[in-house]
Amino acid sequence: QVQLVESGGGLVQAGGSLRLSCAASGRTFSGYAMGWFRQAPGKGREFVAAISWSGGSTRYADAVKGRFTISRDNAKNAVYLRMSSLKPEDTAVYYCAADDTAVVRISAPLYEYWGQGTQVTVSS
């Protein structure tokens, strides 16, 4: 079992920045690829970014490429999402997820463990 807890969400103006954190506990964190997903009201959960267990491979959704950066610190059992140039359409609940695989995947059903989510609201 892996337990995930997100933090760092909040209200920010368009063009601003936030850094989300995800703290992991339980099984060996470094063995998991990690992803960030988001869900806006009335919409399905969508892929945002993912990172391999080593941090050497990352993937981003086209909508956030160049604005968001995913990183991880295996010594601290943490993964981060740095978000900049935020837009109102980035407003959503952001979820951290863990995937017991060596590859970086973008499909939410493939991720075994999920956090409870943190709200990000971007005002125009």
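## Quick notes on the sheet that holds strand β1 (residues 2-7)
Okay, so step 1: What the 4 strands build is an open sheet, ordered β1-β3-β8-β7; its pairing is antiparallel. Each edge of the open sheet carries a strand with a single partner, namely β1 and β7 (68-73). Adjacent strand axes in the sheet meet at a mean angle of 15° when their direction is disregarded.
Okay, so step 2: By the bridge criterion, 6 bridges tie β1 to strand β3 (residues 18-26) in an arrangement that is antiparallel. The partner of V2 across the bridge, within β3, is G26.

## So, the environment of G15
Okay, so step 1: With respect to the helices and strands, the residue G15 is situated in the loop between β2 (10-13) and β3.
Okay, so step 2: Take G15: its relative accessible area is 53%, and that puts it in the exposed class.
Okay, so step 3: Counting along the chain gives 107 residues from G15 to V122, while the straight-line C-alpha distance between them is 8.7 Å.
Okay, so step 4: For G15, the contacting residues outside a window of four places in its chain are S85 and L86.

## With respect to the pairing of strand β9 (residues 92-99)
Okay, so step 1: Within β9, 7 of the 8 residues are buried, leaving the element largely enclosed by the surrounding structure.
Okay, so step 2: Of the strand pairs in this sheet, strand β4 (residues 33-39) and β9 are connected by 7 bridges, and their pairing is antiparallel. Each bridged residue has a counterpart across the sheet, and for M34 the counterpart in β9 is A98.
Okay, so step 3: Inspection of the sheet shows β9 paired to strand β11 (residues 118-123) by 3 bridges, in the antiparallel sense. Its bridge partner lying in β11, V93 is registered against Q119.
Okay, so step 4: When β9 meets strand β10 (residues 113-114), the two strands line up antiparallel, connected through 2 bridges. Bridge pairing in β10 places A97 opposite W114.

About the cut-offs
- Residues numbered from 1 in each chain as written.
- Predicted model: local features only at pLDDT ≥ 70, side-chain atom pairs only at ≥ 80, totals over all residues.
- Heavy atoms only, no water.
- Pairing = 2+ DSSP bridges.
- Helix = DSSP H or I, 4+ residues; strand = E, 2+ residues; numbered from the N terminus.
- Axes fitted to C-alpha atoms, helices over the stretch in contact; angles between N-to-C directions.
- Buried < 20%, exposed > 50% of the residue type's maximum accessible area, 1.4 Å probe, protein only.
- Contact = heavy atoms within 4.5 Å.

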